[in-house]
Amino acid sequence: QVQLVESGGGSVQAGGSLRLSCAASGTFFSINVMGWYRQAPGKQRELVAVINSRDNTNYADSVKGRLTIYRDTPKNTVYLQMNSLKDEDTAIYYCYADYTGNDWRRRLYWGQGTQVTVSS
């Protein structure tokens, strides 16, 4: 079982920066993919960025060039550096982990979410 602890959300003015972190702990064989989704009020949850065990990344078009995902593999932690934030980045950001348990089953686990509010 994996537990995810997110931190780093908050309020910032447009053009500012925030860094989110998500630390995975628990018992598992490996973490395959970690990433971030977000959900704004009245909208569906959408992909922000993901990173796999080979450090290959994928981003939503709306965040390319502004947000960067990276991971500290020994610490099982993924980060989302957010620069040049815009009003439309306001949302609850959810971390997730695609992991393989000690029973060799692959599972998906979500964090509790962290609020990011950008004001102009």
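Whatever comes next refers back to the structure up there.
This is a predicted model, so every value here is computed, not measured.

Draft legend 1. Representation of the side chain of Arg-66 in the model. Looking at the secondary structure, you find Arg-66 in the loop between strand 6 (57-59) and strand 7 (67-72). Only 3.0 Å separates the side chain of Arg-66 from the backbone oxygen of Ser-84, close enough to count as a polar contact. Not counting residues within four places of it along the chain, the set of residues in contact with Arg-66 comprises Gln-81, Met-82, Asn-83, Ser-84, Leu-85, Lys-86 and Asp-89.

Draft legend 2. Structural detail: the pattern of salt bridges. Applying the stated criterion across every chain, the model contains six salt bridges. Its salt-bridge partner being Arg-38, residue Glu-46 comes within 2.7 Å of it at the nearest N-O pair. In the salt-bridge network here, residues are joined through shared partners; they are Arg-38, Glu-46, Arg-66 and Asp-89.

What counts, and where the lines are drawn
- Residues numbered from 1 in each chain as written.
- Predicted model: local features only at pLDDT ≥ 70, side-chain atom pairs only at ≥ 80, totals over all residues.
- Heavy atoms only, no water.
- Helix = DSSP H or I, 4+ residues; strand = E, 2+ residues; numbered from the N terminus.
- Polar contact = N/O pair within 3.5 Å; in protein donor to acceptor, adjacent residues only side chain to side chain.
- Contact = heavy atoms within 4.5 Å.
- Salt bridge = Lys/Arg side-chain N within 4 Å of Asp/Glu carboxyl O.

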